[in-house]
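# What the coordinates show
Chain by chain, the residues run as shown.
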Protein chains: 2
Amino acid sequence: MTAPDFGFSLLDVCAGARRGKITTAHGTVDTPAFMPVGTAATVKAMTPQAVSDTGAQMILANTYHLMLRPGAETVAALGGLHKFMNWRRPILTDSGGFQIWSLNKLREIDAEGVTFRSHLDGSRHHLTPERAVEIQDMLGADIVMVLDECTDHPATRDQAEESLRLTLDWARRCRDAFPNRPGHGLFGIVQGGMYEDLREEAARALVGIGFHGYAIGGLSVGEDRVTLLAMLEAAVSPLPEDQPRYLMGVGRPADILQAVARGVDMFDCVLPTRSGRTSKAFTRRGEVNLRNAHHSQDPRPLDDQCPCPACRDYSRAYLHHLMRSGEILGAMLLTGHNLRFYQDMMAGIREAVATDTFAAFSAAFLGEIETGDIPEHS
Amino acid sequence: MTAPDFGFSLLDVCAGARRGKITTAHGTVDTPAFMPVGTAATVKAMTPQAVSDTGAQMILANTYHLMLRPGAETVAALGGLHKFMNWRRPILTDSGGFQIWSLNKLREIDAEGVTFRSHLDGSRHHLTPERAVEIQDMLGADIVMVLDECTDHPATRDQAEESLRLTLDWARRCRDAFPNRPGHGLFGIVQGGMYEDLREEAARALVGIGFHGYAIGGLSVGEDRVTLLAMLEAAVSPLPEDQPRYLMGVGRPADILQAVARGVDMFDCVLPTRSGRTSKAFTRRGEVNLRNAHHSQDPRPLDDQCPCPACRDYSRAYLHHLMRSGEILGAMLLTGHNLRFYQDMMAGIREAVATDTFAAFSAAFLGEIETGDIPEHS
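Residues numbered from 1 in each chain as written. Chains lettered and ligands numbered in written order. Predicted model: local features only at pLDDT ≥ 70, side-chain atom pairs only at ≥ 80, totals over all residues.

## Let's talk about the overall build of chain A
From N to C terminus, chain A includes 15 helices and 16 strands. By the compact-globule yardstick of 21 Å for 378 residues, chain A fits well, its C-alpha radius of gyration being 21 Å. (Helix = DSSP H or I, 4+ residues; strand = E, 2+ residues; numbered from the N terminus. Rg over C-alpha atoms; globule rule 2.2 N^0.38 Å.)

The structure is reproduced here in structure tokens:
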């Protein structure tokens, strides 16, 4: 059996938003897509079946975490990441660049690569562009990300330029090291700090090297919303229409809608999963904190229109009780709800693009979030 | 719709072991039965569906914990415990006596009842036999337990006698307070410390009062195995054949087999659930600690004959990785496996009693546990 070529079909465009389909070795992904984060080869508090039940078609796993524990060679010997974690659909792995940048104060970067200490045991590790690709290939990722340097924020123009030169050099080396395998793709990452022209230059240079898709990295690192969107627009403008664009690590529902309107196809973020473990639920009417005492006697579901198990089978009072009691089931139910909310939002976006109603959908969605939670139960 | 009367049918007896069926307002329970513990209105790390999928037909919930949080009145206002936690099958609630005894150094017991401080916030609470029954009735328990005093261990004969008098007096008051409702039953609890004649006397006295079933409490509190079984035999001997017997808080698989051989029908224990959160798995070949490093590269399932998700979909190496990484999914999978192991053991026991092969089943089961885990993966 031969895997299909890695590919992207652009199906519809509406008010800047795109609808498409990514084809990988492990199946297809409808875009715009949201990828739940499965850092350590598990989407926290979820079985793979439960993740799939939310509508997710692709997940993200973290190269940095998996190379340290259990190790890429171990995962490879056990048949690869899909088999290891029993997720049979597409997987995208990040390259480790962002985690090394955010978790390691002691990292040393040179032209060759980056040396860092494990956050687990302090051991020294060295990662090069070639090794980052090799690790992701051993994991069996459907989408491999180039090793990049996440530019510090804030950064001077000189710093941003220097960082970008390194990232582009590493991107070229990753491209050369990437073993073309049917159904597997390599994505470049647009950096450039908070400088529009550098973002544009980065995107153009990456297109020149040639990748299966293009990511925008180094955003949502502390800058304001206006800056984020300006950088995003600059980064996207030179990218080819017929390849997927991925905004890394973003974000809140409103961020996603605004990025979709600027032509982004793929997203990942820890927010729905992390929030699920800390009592925060995303709903059509904004965020709800289930720990708040006013839920304690509330017999109503979290969201009466949501078909997820948390909303279908339980009261707000019960979810409140679980979170107050520190019960694992609370994390399981709220994570499932939040992922379902994100997936339903993405399905709504795709439907709106297909029916040429994206602008209206987006406005209505943002408007409903602004109305706030249902009135307190009396 | 009228609920059926609470009842017990004794179907087979073989080598002292019994097979039967309990009928309650929320369905029937095949005995011998093991009840997973759902302390705070959740079997930790499990959805109700996952609990049911292991084969469990009845769970136990803790009156002590639920009266403190979220409170019996809250649960009642929300439609009762079954609806609150979305478990539609039978529920047995303990009375709180054991938890007050084990969690509270500051308890004060008098003839009226017991005063104790909440382990959550230090607040003072008073529990009488009548209130214990009222709370369990508000929760909607199918099987209500009398409030008892768990006799200290060790206890002098005078202490054990005095404690037993109090327990029997409270049992009488619980019987008087119990509102007979179709499908709901009240169980007495045999105490008597480590004195065989007191255990017998206690059982006889309870039968004189008259309950829907009889529990044996105050065992597995530090005594040796021989003493436990002697007390169990003394307690069971005066009990009527046609009513269920329940050994509270016991235990390991071998304990359960030995108690079944002495005519016990019902069990509960935190071992399978608690062990699941601390990396310990129960298997046909004894206990396995998944944190041990020799599992780290092992591609084999935990138990190749077990149909649970942990064994069906994952390697020992993956379970090891989850437990080492502190991932919630590890607790979910191992808890599910352990509950499935217990339920499969109970199903095996019932089948053996039905086919008049219990002694052989028990010997083979205990023999296989003794063989120890499969040889290490090389």
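## Details of the domain arrangement of chain A
A common way to state how big an interface is: give the accessible area lost once the parts meet. Residues and elements named next belong to chain A. Assigned domains of chain A: these are domain 1 (7–269) and domain 2 (275–371). Each of domain 1 and domain 2 has a C-alpha centre, and these two points are 27 Å apart. Domain 1 puts 24 residues into the contact, and the matching count from domain 2 is 26 residues. Mapped onto the side of domain 1 that touches domain 2, the elements with two or more residues apiece are strand 1 (7–14), strand 2 (17–24), strand 4 (33–35), helix 1 (48–53) and helix 10 (253–260). When residues of the side of domain 1 that touches domain 2 are assigned to their parent elements, the largest contribution, four residues, is made by helix 10. Taken together, the residues of the side of domain 1 that touches domain 2 sort by class into 17 nonpolar, two polar and five charged. (Domains from an automatic or database assignment. Contact = placed C-beta atoms within 7 Å. Nonpolar A, V, L, I, M, F, W, Y, C, P; charged D, E, K, R; others polar.)

## Observations concerning the relation of the copies chain A and chain B
Superposing chain A onto chain B takes a rotation of 180° plus a shift of 0.0 Å along the axis, which leaves an RMSD of 0.0 Å. On this basis, the relationship between the two copies can be described by a two-fold rotation axis. Minimal C-alpha distance to the rotation axis in chain A is attained by Ile328(A), lying at 3.8 Å. Of all interface residues in chain A, 100% are interface residues in chain B too; the two copies therefore contact each other through one and the same surface. (Least-squares fit on C-alpha atoms with pLDDT ≥ 70 in both.)

## Examining the sheet that holds strand 8 (residues 114–117) of chain A
Residues and elements named next belong to chain A. Spatially, the three strands line up as an open sheet ordered 7-8-9, and their pairing is antiparallel. The outermost strands of the open sheet, each flanked by one partner alone, are strand 7 (108–109) and strand 9 (124–127). Pairing of strand 8 with strand 9 involves four bridges; the strand directions are antiparallel. Among the inter-strand pairings, arginine 117 is bridged to a residue of strand 9, identified as arginine 124. (Pairing = 2+ DSSP bridges.)

## What about the interface of chain A and chain B?
Counting residues at the interface gives 32 residues for chain A and 32 residues for chain B. Elements with a minimum of two residues in the side of chain A that touches chain B: helix 3 (72–77), helix 4 (81–85), helix 12 (309–313), helix 13 (316–324) and helix 14 (328–354) of chain A. Ranked by the residues each element gives to the side of chain A that touches chain B, the list is headed by helix 13 of chain A, at five residues. Of the residues assigned to the side of chain A that touches chain B, the class counts are 18 nonpolar, nine polar and five charged.

## Focus: the sheet that holds strand 13 (residues 245–247) of chain A
All names here are of chain A. The strand order across the open sheet built from eight strands is 4-14-13-12-11-10-6-5, with neighbouring strands paired in parallel fashion. At either margin of the open sheet sits one strand with a lone partner, and together these are strand 4 and strand 5 (59–61). Pairwise comparison of adjacent strand axes, ignoring direction, gives a mean angle of 25° for this sheet. Pairing of strand 13 with strand 14 (residues 266–268), which is carried by two bridges, proceeds in the parallel orientation. What sits directly across from tyrosine 246, in strand 14, is methionine 266. (Axes fitted to C-alpha atoms, helices over the stretch in contact; angles between N-to-C directions.)

## A short note on helix 14 of chain A
Residues and elements named next belong to chain A. Along its 27 residues, helix 14 runs 39 Å from first to last C-alpha, staying within 8% of the 39 Å computed at 1.5 Å per residue. Buried residues dominate helix 14, accounting for 22 of its 27 residues. Once helix 14 finishes, aspartate 356 follows within two positions and takes phi at roughly 60°, a positive value. (Expected span 1.5 Å × (residues − 1). Buried ≥ 20, exposed ≤ 12 C-beta atoms within 10 Å, placed from the backbone.)

## Examining the confidence of the model for chain A
Residue-level pLDDT values for chain A average 96, and 99% of them are 70 or greater. Across the whole predicted complex the pTM is 0.98, and at the interface the ipTM reaches 0.97. (pLDDT = per-residue confidence, 0-100.)

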